[in-house]
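Here is how the chains run, residue by residue.
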Amino acid sequence: MAIKLSTEFAEPFYTQAEYDALIPDAKRGMEEVLTHFEKGEDPLGWFSLPEDYDRAEFARIEEAAKKIRETCQVFVVIGIGGSYLGARAAIEFCQGPFHNQLRKDGPEIYFAGTSVDGDALTELVRLCEGRDVCINVISKSGTTTEPAIAFRVFREMLEKKYGEEGAKDRIFVTTDKNVKPGTLKELAVKEGYESFVVPGNIGGRYSVLTAVGLLPIAVSGADIRAMMGGAAAARRAFRGEFEENVCMQYALLRNLFYRKGKKFELYASYTPAMELTGEWLKQLYGESEGKDGKGLFPVSAIYSRDLHSLGQYVQEGERTMFETILLFDKPRYTFDIPKADTDVDGLRYLEGRDMAFVNQNAFRGTALAHRDGGVPGLVLTLDREDEENFGYMVYFFELACAVSGYMLGVDPFNQPGVEAYKKNMFRLLGKPGYTN
């Protein structure tokens with residue numbers, strides 16, 4: 001289990017001297033992570049989490065997931081941003097994008113509270129009609145608008161269907177551990193909902209390997225012990241010096257391209273199951289680095305699908321981006337292209353070939369074309385799409401993000417700009433305390 005970094009499609013765009021000049025910065029970035037962690041500064045609880053997580057709560061998560069899998073047909077996860085992206089990314093990474101349709105046991109899993117769109121909420125409520133439902137609401141305070149609305153709707157639904165006592169066994173809360181007046185934790189204690197902890201020293205976008213992500217992931221049937229084992233292996237792997245540390249090397253290369261004028265990092269994968277991983281990466285890097293007038297703008301794509309929509313721009317548009325391409329050594333399945341009596345589709349030259357062979361050559365052909373068109377490509381390769389590799393990948397990107405943020409000269413753990421839109425929205429909605 002490892003992540004391999006290839007610069008084959010990036011090397012024409014920088015010199016060895018430029019690379020070497022940034023090595024001290026990369027080492028300093030890693031030293032800052034270690035220093036802040038040792039001093040207890042910044043929300044760096046994720047740094048040691050794979051080895052020192054709360055075993056008792058972990059066992060409760062497994063028991064709750066077992067109960068949910070046995071008692072409901074639909075499991076609704078209510079949260080926004082880091083309270084849902086990591087979990088959904090993990091489920092699709094490990095179980096595939098059609099996990100609900102192909103599920104043989106356990107509930108279908110859906111996500112709510114990710115928008116204020118009434119149509120989407122209406123359709124999800126309809127989907128739950130006549131079926132046994134459990135919910136997991138994830139919020140530190142319980143007052144974030146989008147999930148708060150969804151929780152109010154689904155809580156009322158469950159209480160009407162099962163009664164207040166029956167609903168208690170179907171509502172699971174992941175929130176702050178401290179009971180304060182007017183908080184979700186206070187409500188959970190008052191109503192008797194089983195609750196799990198959103199760690200105070202771990203920000204939302206770094207929280208996928210806490211109860212925030214682990215309960216929904218376990219409900220999906222994924223092995224969360226293997227996932228934590230993969231993250232622990234990554235933590236051990238990235239303790240080494242720069243020359244053996246692909247995490248620091250990746251952080252260096254993103255900063256190198258940024259300093260050379262690149263403004264966008266395009267996360268690309270040739271596996272549709274990685275689509276939500278791309279969404280998680282957009283939050284992780286966008287929220288961590290986009291401040292003080294700095295930072296790469298993260299975008300994501302699934303190839304070869306998006307080559308038929310974004311491909312023209314990537315190939316010949318403004319030269320302000322580089323790609324980070326995520327690949328796997330082994331596919332989840334083997335699928336050979338069938339033989340046919342006629343060659344009306346022009347595929348005879350591929351008959352009997354594995355789809356993985358086609359996908360690999362689609363990647364190489366695209367990477368070569370983009371390189372020749374002026375778009376550098378970094379390639380990160382994992383072993384396979386499973387729980388261990390997901391945990392390993394999460395820790396890799398979290399640590400690289402922290403190192404990269406310190407190299408950039410920003411605090412990779414705050415998000416002061418996130419509240420700006422809320423103030424305007426609350427003022428327009430007439431929320432008490434927000435004047436026109």
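Everything below is about the structure printed above this text.
Residues numbered from 1 in each chain as written. Predicted model: local features only at pLDDT ≥ 70, side-chain atom pairs only at ≥ 80, totals over all residues. Heavy atoms only, no water.

K.L.:
How do you make sense of the overall build of the protein when you look at a structure like this?
P.N.:
Along its length, the protein carries 16 helices and 10 strands. Here the C-alpha radius of gyration of the protein, 23 Å, is about what a compact globule of 436 residues would show, namely 22 Å. If you line up the protein on its principal axes, its C-alpha atoms span 65 × 65 × 45 Å. Burial analysis of the protein (436 residues in total) assigns 51% to the buried set. Taking the intrachain contacts of the protein between residues at least 6 apart in sequence as the baseline, contacts between residues at least 24 apart amount to 80%. Total accessible area computed for the protein in this model is approximately 20000 Å², and 51% of it derives from carbon and sulfur atoms. (Helix = DSSP H or I, 4+ residues; strand = E, 2+ residues; numbered from the N terminus. Rg over C-alpha atoms; globule rule 2.2 N^0.38 Å. Buried < 20%, exposed > 50% of the residue type's maximum accessible area, 1.4 Å probe, protein only. Contact = heavy atoms within 4.5 Å. Areas by Shrake-Rupley, 256 points an atom, 1.4 Å probe, with all protein chains shown as cover.)

K.L.:
Teacher, can you tell me more about the sheet that holds strand β1 (residues 4–9) here?
P.N.:
Note: strands within a sheet are paired through backbone hydrogen bonds, in either parallel or antiparallel orientation. Ordered in space as β1-β10-β9-β7-β8, the five strands form an open sheet in which the pairing is mixed. Of all strands in the sheet, those with a lone pairing partner are β1 and β8 (297–302), marking the two edges. On average, each strand axis in the sheet is inclined to that of its neighbour by 25°, with strand direction left out of account. Looking at chain direction, β1 and strand β10 (residues 377–382) are connected through four bridges and run antiparallel. Within the sheet, the bridge partner assigned to Ser6 lies in β10 and is Val379. The strands touched by helix α11 (residues 246–259) are β1, β7 (264–269), β9 (321–328) and β10; relative to β1, the strand with the most contacts, the crossing angle is about 35°. (Pairing = 2+ DSSP bridges. Axes fitted to C-alpha atoms, helices over the stretch in contact; angles between N-to-C directions.)

K.L.:
Quick question: what am I supposed to make of the environment of Ala301 here?
P.N.:
Looking at the element boundaries, Ala301 is found in strand β8. The spacing of Ala301 and Glu108 is 193 residues in sequence and 26 Å in space, taken between C-alpha atoms. In this structure, Ala301 is in contact with Leu266, Tyr267, Ala268, Ser269, Asp306 and Leu310, ignoring residues within four places of it in sequence.

K.L.:
Looking at this structure, how should I read the pairing of β8?
P.N.:
In the case of a regular strand, side chains alternate between the two sheet surfaces. Judged from the six bridges that link them, β7 and β8 form a sheet pairing that is parallel. Each bridged residue has a counterpart across the sheet, and for Phe264 the counterpart in β8 is Phe297. In this fold, β7 hands off to helix α12 (residues 275–289), which returns the chain to β8; that crossover is right-handed. (Right-handed = clockwise from strand over helix to strand, strands pointing away.)

K.L.:
What should I look at first to understand the side chain of Thr381 in this one?
P.N.:
Locating Thr381 in the fold gives a position in strand β10. Beyond its immediate chain neighbours, meaning those up to four positions away, Thr381 contacts Ala2, Ile3, Lys4, Leu327, Phe328 and Asp329.

K.L.:
I keep staring at unusual backbone geometry and nothing clicks. Help me out?
P.N.:
Negative phi characterises most residues that are not glycine, and trans characterises most peptide bonds. Note the cis peptide between Tyr303 and Ser304, where omega equals 5°. Mapped onto the fold, Ser304 is located in the loop between β8 and α13 (311–316).

K.L.:
What am I meant to see in the nonpolar core here?
P.N.:
In this structure, Trp46, Leu252, Phe390, Phe397 and Leu399 are the most contacted members of the largest nonpolar core, which totals 99 residues. With 15 residues, the single largest contributor to this core is helix α15 (residues 387–408). Other than its neighbours up to four places away in sequence, Phe397 contacts Tyr250, Tyr267, Trp280, Leu281, Leu284, Tyr285, Leu326 and Leu380. With 22 residues, the next largest nonpolar core counts Ile78, Val133, Phe154 and Ala188 among its residues. (Core = buried A, V, L, I, M, F, W, Y, C linked by side-chain atoms within 4.5 Å.)

K.L.:
Any chance you could explain the pattern of salt bridges here in plain terms?
P.N.:
If charged atoms from side chains of opposite charge come close, those side chains can pair. Inspection of the entire model under this criterion finds 28 salt bridges. Of the charged contacts in the structure, one is a salt bridge between Glu165 and Lys168, with a shortest N-O distance of 3.1 Å. Placement of the pair is Glu165 and Lys168 together in helix α7 (residues 145–168), with a separation of three residues, close to one helical turn. By relative accessible area, Glu165 is classed as exposed at 58%. Residue class for Lys168 comes out partly exposed when judged on its relative accessible area of 23%. (Salt bridge = Lys/Arg side-chain N within 4 Å of Asp/Glu carboxyl O.)

K.L.:
Just checking my understanding: could you explain the pairing of strand β5 (residues 171–175) for this structure?
P.N.:
A large share of β5 lies buried, amounting to five of its five residues. Of the pairings in the sheet, the one linking strand β4 (residues 133–138) to β5 comprises four bridges and is parallel in character. From the neighbouring strand, Ile138 faces β5, where its bridge partner is Thr174. Tracing the backbone out of β4, into α7 and back to the parallel element β5 gives a crossover that is right-handed. Pairing analysis gives four bridges linking β5 to strand β6 (residues 194–197), with the strands arranged parallel.

K.L.:
Would you mind going over the packing of aromatic side chains with me for this structure?
P.N.:
A ring pair, where both rings are aromatic, is described by two values, the distance of the centres and the angle of the planes. A complete count under the given rule lists 28 aromatic pairs for this structure. Here the aromatic rings of Phe37 and Phe47 are separated by 4.9 Å at their centres, their planes lie at 55°, and the arrangement is tilted. One end of the pair, Phe37, is in helix α1 (residues 16–39); the other, Phe47, is in the loop between α1 and α2 (49–52), and 10 residues separate them in sequence. Judged by its relative accessible area of 27%, Phe37 falls in the partly exposed class. Where Phe264 meets Phe297, the ring centres are 5.8 Å apart and the plane angle is 80°; that geometry is what we call edge-to-face. One end of the pair, Phe264, is in strand β7; the other, Phe297, is in strand β8, with 33 residues separating them in the sequence. Feature note: the residues Phe37, Trp46, Phe47, Tyr206, Tyr395, Tyr406 and Phe413 constitute an aromatic cluster, connected by ring pairs. Note that Arg55 overlies the ring of Tyr53, its terminal NZ or CZ placed 3.8 Å from the centroid. Over the ring of Phe357 we find Arg353, and its NZ or CZ is 4.0 Å from the ring centre. (Phe/Tyr/Trp six-rings, centres within 6.5 Å; stacked < 30°, edge-to-face > 60°. Lys NZ or Arg CZ within 6 Å of the ring centre and 35° of its normal.)

K.L.:
Mind showing me how you'd approach the side chain of Arg254 here?
P.N.:
Tracing the sequence through the fold places Arg254 in helix α11. Setting aside anything within four residues of it in sequence, one finds Arg254 in contact with Glu265, Tyr267, Tyr285, Glu289, Leu296, Phe322 and Ser404.

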